[in-house]
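# Structural overview
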Amino acid sequence: MGSGKAYGEPMVLDESLPCPLGGTAGWGFSQGAPNITNDDELAAQLTGFLGQFLEVFSELKGNNLYLTGESYAGFYVPYIANWIYEHPGLDLSLKGIWIADPSLSYDVVQQDIPALRFAQANKNLFPFNSTFWATLQTISDRCGYTDYLDNFVTYPPKGQLPLPVATNGTFSTTAACRMHSPIQRAIGLYDAFFFFDISVYINAATGRGGNDQSIPSTLSVLPNVIEKSVRTVIVHGLADFILVAEGTRIAIQNMTWGGAQGFQTPIESENFLVKNMGVYGNMHIERGLAYVEFYFSGHMTPQFVPWAAFNTMSYLLGHQDSPSS
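For every chain, the first residue of the written sequence is number 1, and numbering continues from 1 onward in sequence order. Per-residue local features are limited, in this predicted model, to residues with pLDDT of at least 70; the limit for side-chain atom pairs, both in listing and counting, is 80 or more; totals at the level of whole chains, interfaces and linings are taken over all residues. To get the side-chain values, all heavy atoms of the structure are used, and hydrogens and water are removed first.

On to the pairing of strand 10 (residues 289-294), then. Remark: exposure states derive from per-residue accessible area (1.4 Å probe, protein chains only) relative to the maximum for the residue type, with buried under 20%, exposed over 50%, and partly exposed in between. Secondary structure elements are defined from DSSP: runs of H or I of at least 4 residues count as helices, runs of E of at least 2 residues count as strands, and each element is numbered from the N terminus. With respect to burial, strand 10 is a largely interior element, 6 of its 6 residues being buried. Of the two faces of strand 10, the one holding Leu289, Tyr291 and Glu293 and the one holding Ala290, Val292 and Phe294 are both buried throughout. When DSSP locates at least two bridges between a pair of strands, those strands are taken to pair. By the bridge criterion, 6 bridges tie strand 5 (residues 231-237) to strand 10 in an arrangement that is parallel. Bridged to Gly237 within strand 10 is Phe294. Sheet analysis places strand 9 (residues 278-286) next to strand 10, joined by 6 bridges and oriented antiparallel. When the sheet's bridge partners are listed, Gly281 is paired in strand 10 with Phe294.

Structural data, given as structure tokens:
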């Protein structure tokens, strides 16, 4: 692809994460202990760092800024962007954000609701016996997953999308309705993911490690970021089972921005192209938000489909009129 400097000056920020195996060392190269409880506080700290950075590298002042990230950056990036928009003073001009396979809503939305449909659509990768398939189907029917997408994910939406009965009036899946983790365990992948306490947050009451207290971005800050950005891009790999693309569709259809809820017209299939390579996925753009689903990609889209990811990044930066080439 050539030098990234043809498109801008990339800056990679390393986050200090507590070591999941104990001790004082953390993951990453940054030093320090967590002292925040939510992503507004995280955004304030990062923006403060950027201000100090610009005092050292003053030649960068006044440049355009684009924020990007993947996975839990579905929280980080929108909150950082929103903080910058709502607290003027940083000597950079924020133009937009790009987030890949992002965490945008509650786990029940992006994991449990779409998990069985994903497994059924990829039965060659999920070689379960009929008894286990029947057990999963029973859970899906009882917990409100089976018809959820067909009933509620419409274009345009018919109203706010409800959480399924699986949450029992909360924002978390009850133990009896967990669908995503049992499927992971059944194919022996559960331990392959990072299920450690690597929180960058503290519990304000105890001072020990805690959970992020932020509201998911589609239900809080992301609408404002879309409205104030030139372009916002969300991409998702269709082979991702860590966070499932159909769950991202649910999150988008439950989000209100630009005077309307969700996409007003359906996401077309096979309309995202990569030059000289052919069809690489599905794409839809409305009211400043571009959403692209990649074929052939799991959770880490720039790694799995670099040219496709590059196209969407080029679109973010204004070098293409469409993510598709």
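There's plenty left to go through after this.
The biggest cluster of nonpolar side chains holds 36 residues, and the ones touching the most others in it are Leu67, Ile80, Leu222, Ile234 and Leu289. Among the elements of the structure, helix 1 (39-56), strand 3 (64-70), helix 2 (73-86), strand 4 (93-100), helix 7 (222-228), helix 8 (245-253) and strand 10 are those that each provide at least two residues to this core. Sorting elements by how many residues they give to this core places helix 2 first, with 7 residues. Not counting residues up to four positions away in its chain, the partners in contact with Ile80 are Leu42, Ala43, Leu46 and Leu67. What we call a nonpolar core is a set of buried Ala, Val, Leu, Ile, Met, Phe, Trp, Tyr and Cys residues that are connected through their side-chain atoms within 4.5 Å. Judged by nonpolar contacts, the second largest core, of 26 residues, contains Ile113, Trp133, Tyr145 and Ile250. Whether two residues touch is decided by their heavy atoms; if any such pair falls within 4.5 Å, the residues are in contact.

So, on to the state of the cysteines. Here a disulfide denotes one covalent bond, and it connects the sulfur atoms of two cysteines. Any cysteine sulfur atom paired with another within 2.5 Å is treated as part of a disulfide. Tallied over the entire structure, the rule returns 1 disulfide. Each sulfur in the disulfide pair Cys143 and Cys177 lies 2.0 Å from the other. When the S-S torsion is -85°, as for the bridge of Cys143 with Cys177, the disulfide is left-handed. Here Cys177 lies in the loop between helix 5 (148-152) and helix 6 (180-186) and Cys143 lies in helix 4 (residues 130-143), a separation of 34 residues in the sequence. Just as Cys143 is buried, Cys177 falls in that class too.

Our focus in this paragraph is the side chain of Glu286. When you line up the elements, Glu286 lands in strand 9. One polar contact links Glu286 to Arg287, side chain to side chain, over a distance of 3.0 Å. Side-chain atoms alone can form a polar contact between residues adjacent in sequence; in general such a contact is a pair of N or O atoms within 3.5 Å, and within protein one must be able to donate a hydrogen while the other accepts it.

Turning next to the sheet that holds strand 4. Pairing in this open sheet of 6 strands is mixed, and the strands run 3-4-5-10-9-8 from one edge to the other. Edge positions in the open sheet fall to strand 3 and strand 8 (268-274), since each of these has one partner strand only. Between one strand axis and the next, the sheet turns through 25° on average, direction left out of account. Packing of helix 2 onto the sheet brings it into contact with strand 3 and strand 4, and relative to strand 4 it is tilted by some 170°. Each axis is a line fitted through C-alpha atoms, and for a helix only the stretch in contact is used; angles between axes span 0 to 180 degrees, taken between their N-to-C directions. Where helix 10 (residues 306-316) meets the sheet, its contacts fall on strand 3, strand 4, strand 5, strand 8, strand 9 and strand 10, and the angle it forms with strand 8 comes to roughly 90°.

As a further point, take the packing of aromatic side chains. Aromatic rings from Phe, Tyr and Trp, with only the six-membered ring used for Trp, were paired whenever their centres fell within 6.5 Å, and each pair was classed as stacked if the ring planes differed by under 30 degrees, edge-to-face if by over 60, and tilted otherwise. On inspection of all chains with the given rule, the structure shows 17 aromatic pairs. Between Tyr106 and Phe171 the ring centres are 4.6 Å apart and the planes differ by 20°, which places this aromatic pair in the stacked class. Here Tyr106, found in the loop between strand 4 and helix 3 (107-121), pairs with Phe171, found in the loop between helix 5 and helix 6; they are 65 residues apart in sequence, far enough to count as distant. Between Phe128 and Trp133, the aromatic rings sit 5.1 Å apart at their centres with planes inclined by 55°, giving tilted as the arrangement. A single burial state applies to Phe128 and to Trp133, both of which are buried. An aromatic cluster is defined as three or more aromatic residues linked by ring pairs; in this entry it consists of Phe118, Phe126, Phe128, Phe132, Trp133 and Phe241. Two conditions define a charge located above a ring, namely a distance within 6 Å from the ring centre to NZ of Lys or CZ of Arg, and an angle within 35 degrees of the ring normal. The lysine or arginine in question, Lys123, covers the ring of Trp133, its NZ or CZ lying 5.0 Å from the ring centre.

This next bit is on a nonpolar patch on the surface. On the surface, a cluster of nonpolar side chains totalling about 260 Å² of accessible area is made up of Met11, Leu13 and Phe49. Of note, Met11 is situated in the segment before strand 1 (17-18). Residues form patches when they are more than 30% accessible in relative terms and have no salt bridge. Like charges link within 9 Å. Nonpolar side chains (Val, Leu, Ile, Met, Phe, Trp, Tyr) link within 5 Å. Surface accessibility in these figures is a Shrake-Rupley result with a 1.4 Å probe; residues are shielded only by whichever protein chains are displayed. The term salt bridge refers to a side-chain nitrogen of Lys or Arg lying within 4 Å of a carboxyl oxygen of Asp or Glu.

Turning next to the environment of Ile234. Considering the arrangement of structural elements, one finds Ile234 in strand 5. Taking the relative accessible area as the measure of exposure, Ile234 reaches 0% and is therefore buried. Distance in space between the C-alpha atoms of Ile234 and Ala290 is 6.3 Å, their sequence separation being 56 residues. Setting aside residues up to four positions removed in sequence, Ile234 forms contacts with Ile99, Pro102, Leu104, Leu222, Thr248, Ile252, Leu289, Ala290, Tyr291 and Val292.

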